[in-house]
Amino acid sequence: LDAYAFFKAVYRLTNRSEYLTAGDQVLEWIKKYAYSMKEKRMNRGKGDSTIATDTFSWAVAAIGPGKLQAMRFDPDDIMRFAENHCAVSVLFVRPDGKKTRVKGFDFAKAQNVGRGGVVSAEWTAQVIVTYQVLSEYYRKTGNDKKADYYLHKSEFYLNELQKLIITS
């Protein structure tokens with residue numbers, strides 16, 4: 001995903017066809033090895049089905065919802081998989097001892113990690129950006145219902161992240 005985004009960006013800057021070709025080759029590899037049609041989700045790589053939240057959100061943001069749909073990879077399914085397997089609700093204890101429940105996204109499937117769930121501010125923020133990407137995409141395609149749905153999700157998780165802010 002990083003290589004695809006890199007080559008796409010360099011092509012936009014240079015307009016040199018070798019970067020477009022390299023990006024297309026990476027995208028073919030992603031199609032062949034990094035998407036599970038059965039589970040409707042991205043894998044971390046060839047033969048690596050480890051659940052990692054950033055793989056899902058970055059796939060949608062890096063490749064784009066339209067291109068994913070053209071490849072018959074449903075961006076809604078990819079994010080639904082992330083929500084079903086990586087979303088968590090944890091009790092956050094502030095420095096003053098007050099407790100608050102925070103919903104966000106863990107690095108991986110919390111049930112598979114002995115530590116239990118943890119809200120990753122970085123990966124939750126990445127999911128927020130992806131929801132905004134989806135909202136903008138659906139707005140441009142005239143699907144206001146889905147656009148509003150993803151905008152609401154991005155705002156909800158942004159508000160959740162604000163619960164983690166500690167001021168001194």
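K.L.:
So, the nonpolar core: which residues are in play, and what are the values?
P.N.:
Formed by 30 residues in total, the largest nonpolar core has its most connected members in Ile-30, Met-42, Phe-56 and Ile-78. Of all the secondary structure elements, the ones that give two or more residues to this core are helix 2 (17–34), helix 3 (53–63), helix 5 (75–86), helix 6 (121–140) and helix 7 (144–162). When sequence neighbours within four positions are dropped, the list of residues in contact with Ile-78 reads Tyr-35, Lys-40, Arg-41, Met-42, Phe-56, Val-60, Leu-68 and Phe-73. The next biggest cluster of nonpolar side chains, apart from the first, holds five residues, and it includes Val-88, Phe-92, Val-102 and Val-119.

K.L.:
Mind laying out the packing of helix 3 against helix 6, listing which residues take part and the relevant values?
P.N.:
At their nearest, the axes of helix 3 and helix 6 sit 9 Å apart, and the two run at 30° to each other. As far as their axial angle goes, helix 6 and helix 3 are roughly parallel. Remark: the crossing between helix 3 and helix 6 carries left-handed chirality. Side by side, helix 3 and helix 6 meet where Thr-53, Asp-54, Ser-57, Trp-58, Val-60 and Ala-61 of the first sit next to Trp-123, Gln-126, Val-127, Thr-130, Val-133 and Leu-134 of the second.

K.L.:
I'd like a rundown of the packing of aromatic side chains, residues and numbers included.
P.N.:
Using the criterion set out here, one finds 13 aromatic pairs in the structure. Between Trp-29 and Tyr-33 the ring centres are 5.4 Å apart and the planes differ by 45°, which places this aromatic pair in the tilted class. Of this pair, Trp-29 and Tyr-33 both sit in helix 2, four residues apart, which is roughly one turn of the helix. Judged by relative accessible area, Trp-29 falls into the partly exposed class, the value being 38%. What links up through ring pairs into an aromatic cluster is the set Phe-105, Tyr-131, Tyr-137, Tyr-138, Tyr-149, Tyr-150, Phe-156 and Tyr-157.

K.L.:
Which residues make up the side chain of Ser-36, and what values do they have?
P.N.:
Secondary-structure assignment places Ser-36 in strand 1 (residues 35–36). Ser-36 sits in the buried class, given a relative accessible area of 11%. Setting aside anything within four residues of it in sequence, one finds Ser-36 in contact with Arg-41 and Asn-43.

K.L.:
Explain the pairing of strand 4 (residues 99–105) residue by residue, including any values.
P.N.:
The pairing of strand 3 (residues 87–93) with strand 4 spans seven bridges and is antiparallel. The residue bridging Val-88 from the neighbouring strand is Gly-104, located in strand 4. Hairpin remark: strand 3 followed by strand 4, antiparallel, with five residues in the connecting loop; positive phi at Gly-97, about 95°.

K.L.:
Provide a residue-level description of the side chain of Asp-106, including the pertinent values.
P.N.:
Within the secondary structure layout, Asp-106 lies in the loop between strand 4 and helix 6. From its side chain, Asp-106 meets the backbone nitrogen of Val-118 in a polar contact 3.1 Å long.

K.L.:
Give me the lowdown on helix 5, citing residues and values where you can.
P.N.:
In an α-helix there are 3.6 residues to a turn, and that puts residues three or four apart on one side. Counted at 1.5 Å a residue, the expected span for helix 5 with its 12 residues is 16 Å, and the 16 Å between its end C-alpha atoms agrees. Every buried residue belonging to helix 5 is among Pro-75, Asp-76, Asp-77, Ile-78, Met-79, Phe-81, Ala-82, Glu-83 and Cys-86, and all of these are buried. Of the residues flanking the start of helix 5, the one acting as N-cap is Asp-74, its side-chain oxygen 2.8 Å from the backbone nitrogen of Asp-76.

K.L.:
Lay out helix 2 in plain terms, naming residues and giving numbers.
P.N.:
With 18 residues, helix 2 should cover 26 Å at 1.5 Å per step; its first-to-last C-alpha distance of 24 Å lies within 8% of that length. Taken together, the buried positions of helix 2 are occupied by Ala-22, Gly-23, Val-26, Leu-27, Ile-30 and Ala-34. Projection of helix 2 onto a plane perpendicular to its axis shows the buried side chains occupying an angular sector of 140°, all on one side. Seen from the buried face of helix 2, the exposed residues on the opposite side, beyond 90 degrees, are Ser-17, Gln-25 and Lys-32. Buried residues in helix 2 make contact with helix 1 (2–14), strand 1, strand 2 (41–42), helix 3 and helix 4 (65–70).

Here is what the cut-offs are and how they apply
Residues numbered from 1 in each chain as written. Predicted model: local features only at pLDDT ≥ 70, side-chain atom pairs only at ≥ 80, totals over all residues. Heavy atoms only, no water. Core = buried A, V, L, I, M, F, W, Y, C linked by side-chain atoms within 4.5 Å. Buried < 20%, exposed > 50% of the residue type's maximum accessible area, 1.4 Å probe, protein only. Helix = DSSP H or I, 4+ residues; strand = E, 2+ residues; numbered from the N terminus. Contact = heavy atoms within 4.5 Å. Axes fitted to C-alpha atoms, helices over the stretch in contact; angles between N-to-C directions. Parallel < 35°, antiparallel > 145°, perpendicular 65-115°, else oblique. Left-handed = near helix turned anticlockwise from the far one by under 90°. Phe/Tyr/Trp six-rings, centres within 6.5 Å; stacked < 30°, edge-to-face > 60°. Pairing = 2+ DSSP bridges. Polar contact = N/O pair within 3.5 Å; in protein donor to acceptor, adjacent residues only side chain to side chain. Expected span 1.5 Å × (residues − 1). Arc of directions from axis to C-beta.

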